[in-house]
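Structure at a glance
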Amino acid sequence: MSLPFILFFVFAFIAVMGAVLLILAHEPIHSALALILVMVSLAVLYLLLGAEFIAAVQIIVYAGAIMVLFVFVIMLLNAGVEERTNWSKIAKYAGLPLGIFLLLELAHFLARSGAGATTANGPGASNAAFSTRALSELLFQKYLFPFEATSILILIAILGALVLAKKDS
Amino acid sequence: MEFISQHPVLVVSLVKIVILLLVALTTLAYLTWFERKVVAHIQSRWGPYYVGAHGLLQPLADGVKFLFKEDVTPPSSDKLLYILAPFLALSLALTTLALIPFGPATIYIFGQPTKLIIANVDVSLLFLFAITSIGVYGVALAGWSSNSKYPLLGGLRSSAQMISYEVAMTLSVVGVLLVAGSFNFNEIIEHQAGYYWNFIPRWHVVPQIVGFLCYMTCAVAETNRVPFDLPEGETELVAGFHTEYSSFKFAMFFMAEYANMITVSCLATILFFGGWLSPFPDSWMWTQYIPGAGLLLLGIYLAYDTVRNMRGIARMQLAVVTILSLGIGALCLLPSVMPVVQGPFWFLSKVLVILFFYVLTRGTLPRFRYDQLMAFGWKLLLPVSLVNLVATAAWFVYGWVKQG
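Below is a short write-up of the structure. (Residues numbered from 1 in each chain as written. Chains lettered and ligands numbered in written order. Predicted model: local features only at pLDDT ≥ 70, side-chain atom pairs only at ≥ 80, totals over all residues.)

**Topic: the overall build of chain A**
Keep this limit in mind: What counts as a helix is a DSSP run of H or I of at least four residues, what counts as a strand is a run of E of at least two, and both are numbered from the N terminus. Contacts are defined on C-beta atoms placed from the backbone: any two residues whose C-beta positions lie within 7 Å are in contact.
Along chain A, the regular secondary structure elements total six helices and zero strands. For chain A, the α and β elements follow one another from N to C terminus as α-α-α-α-α-α. Nonlocal contacts in chain A, meaning residues at least 24 apart in sequence, comprise 58% of its contacts between residues at least 6 apart.

Dropping the structure here:
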């Protein structure tokens, strides 16, 4: 077993555990931290695939920016322990079987398609195109219009947030 | 030995990590000594004086003191996060050092050729920002988990401050990226080789002076240092986010702060001052002797100081430092070692100069008010670094300079 192979399973396990913790934790801040754990382990998985740029951006954007705001708001509101509600009947009798069915279906397709058999076997096994330069060429030449459209969309969202926040005063 | 031959990269990296950690932790300890000495002399005091010659053993004494103090955990605190926070802060602060290249030379460990850098990734700069951006959690969680008023306010302040200044800091650095055309530290440094009129180094600080000033200001704010040390403003918040911390956990926050200082100074050196490049042209062969000769001169001065000013046990301690300095100086003059030490020597010298300015600002400037701090970051530094970015981009687009 090669080292990247072992690392993949270690970080995949951490990511899944983080996701489970996120749901099970009672304190909001613990949930937020569990989500950060998921983000960081996902970044490590990207790194194992040789996608350094995406790994770094994953941490900067999700763990470093968005989740900091989450934690900040939780701290600012000093949110206490969350209250649990009983499971709704629909979730219990329809949601749970459907969820299990979806999981099985996904597992079935993944097992049949053989996806991941090549990528989990080493850093950058078939990902030479993932270099930052190649990525930026794609973003700023081939997909320039969608990229700029997304930026404007985000800008509009920021302006919308500002307008909403200012309404009271 | 079999393990070494099977996993050469892993073993060599581990050796380098251990060496770097030892050096970094020693440097951290002596940075506190350096800071206390410089600030003391600014204020016409002597600074650490009694423990060891010139107070040189003071960091060791402080470390021992921290280790043996009672470790108090507030009963109402969130235990897990309370313990996690200092570890997060220190380990992340030290991790960034793995990305710093110390020299161009190739060295041999167990017969394996390797560079003076632990992780030479394609996007070093982004990784550094990624790691420092998670560093906010150390401070924020420390403030929150203490479950006490002042730490919470300190934690909130510092996370707000670090988020705000991170934006301007990142933007101020993009100009350099445009000039260098790479995210990789080694490539950024190599791009700065060469000279204007054969003697002024082509460091990025010349075309990117605005970016540099923005960067340094943000860097001081990022590391929560005077004049931006609002998160721990004693007069308002007792000690900010680490009020409730004692013993070695407090020491870890302290060390994290100094490690962050070292990291941002290293980054400034890499991005703006040519990293491990010598400030002198390569054709001046005699400059190769500067590291060794400098250490020898320091050793001679220390020998004079030992004989002239020191008495008793302090004399013996300084004698050890003298011998170390003379020995390393002589080692640096060996023909096989000389080319290797050039890079680290110039790199560390530049970092030391920047750290000196850091300490100088701490000793001379008063603290900002909190609203001034926020206004300064968002209303001045951010627009200035944006303008700098646009100007640099325009510079390239309209072809006033050839991109390398």
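**Observations regarding the interface of chain B and chain A**
Note the following rule: Under the scheme applied, nonpolar residues are Ala, Val, Leu, Ile, Met, Phe, Trp, Tyr, Cys and Pro; charged residues are Asp, Glu, Lys and Arg; polar residues are all the others, including Gly.
Each partner contributes to the interface: chain B provides 20 residues, whereas chain A provides 18 residues. If you tally residues by element for the side of chain B that touches chain A, the top one is helix α5 (residues 124-145) of chain B, at 10 residues. Of the residues that constitute the side of chain B that touches chain A, the class distribution is 16 nonpolar, three polar and one charged.

**Observations regarding the pairing of strand β2 (residues 112-115) of chain B**
Residues and elements named next belong to chain B. Stated precisely, the cut-off is as follows: Paired strands, as defined in this entry, are two strands with at least two bridges between them according to DSSP.
In this sheet, β2 lies alongside strand β1 (residues 106-109) in antiparallel orientation, the contact comprising four bridges. Looking across to β2, one finds that isoleucine 107 is bridged to threonine 114. If you look at the hairpin formed by β1 and β2, you'll find two residues sitting between the two strands, and phenylalanine 110 has a positive phi there, around 55 degrees.

**Quick word on the packing of helix α6 (residues 149-180) of chain B against helix α8 (residues 209-222) of chain B**
All names here are of chain B. Applied cut-off: All axes are obtained by fitting lines to C-alpha atoms, using only the stretch in contact for helices, and the reported angles, taken between N-to-C directions, cover 0 to 180 degrees. Any angle that is under 35 degrees is reported as roughly parallel, and any over 145 degrees as roughly antiparallel; angles of 65 to 115 degrees are reported as roughly perpendicular and all others as oblique. We call a crossing left-handed when the near helix sits turned anticlockwise from the far one by less than a right angle, and right-handed when that turn is clockwise.
Packing of α6 against α8 leaves a shortest axis separation of 8 Å and a crossing angle of 155 degrees. Put simply, α6 runs roughly antiparallel to α8. Considering the relative orientation of α6 and α8, their crossing is left-handed. Taking contact as the criterion, the partners of Gln161, Met162, Tyr165, Glu166, Ala168, Met169, Ser172, Val173, Gly175 and Val176 in α6 are, on α8, Gly211, Cys214, Tyr215, Cys218, Ala219, Ala221 and Glu222.

**Notes on the nonpolar core**
Applied cut-off: As used here, a nonpolar core is made of buried Ala, Val, Leu, Ile, Met, Phe, Trp, Tyr and Cys residues. They are joined through C-beta atoms within 7 Å. Partly exposed residues are those whose C-beta has more than 12 but fewer than 20 other C-beta atoms within 10 Å; with 20 or more the residue is buried, with 12 or fewer it is exposed, and the C-beta atoms are placed from the backbone.
Met39, Ala56 and Ile59 of chain A together with Ala89, Leu126 and Ala268 of chain B are the most contacted members of the largest nonpolar core, which totals 127 residues. If you tally residues by element for this core, the top one is helix α10 (residues 247-272) of chain B, at 16 residues. Dropping the residues within four chain positions of it, isoleucine 59 of chain A is found in contact with Met39, Val40, Ala43 and Gly64 of chain A together with Ala130, Ser133 and Ile134 of chain B.

**Quick word on the environment of arginine 367 of chain B**
Assignment of secondary structure puts arginine 367 of chain B in the loop between α13 (338-364) and α14 (370-397). A tally of 16 C-beta atoms within 10 Å means that arginine 367 of chain B is categorised as partly exposed.

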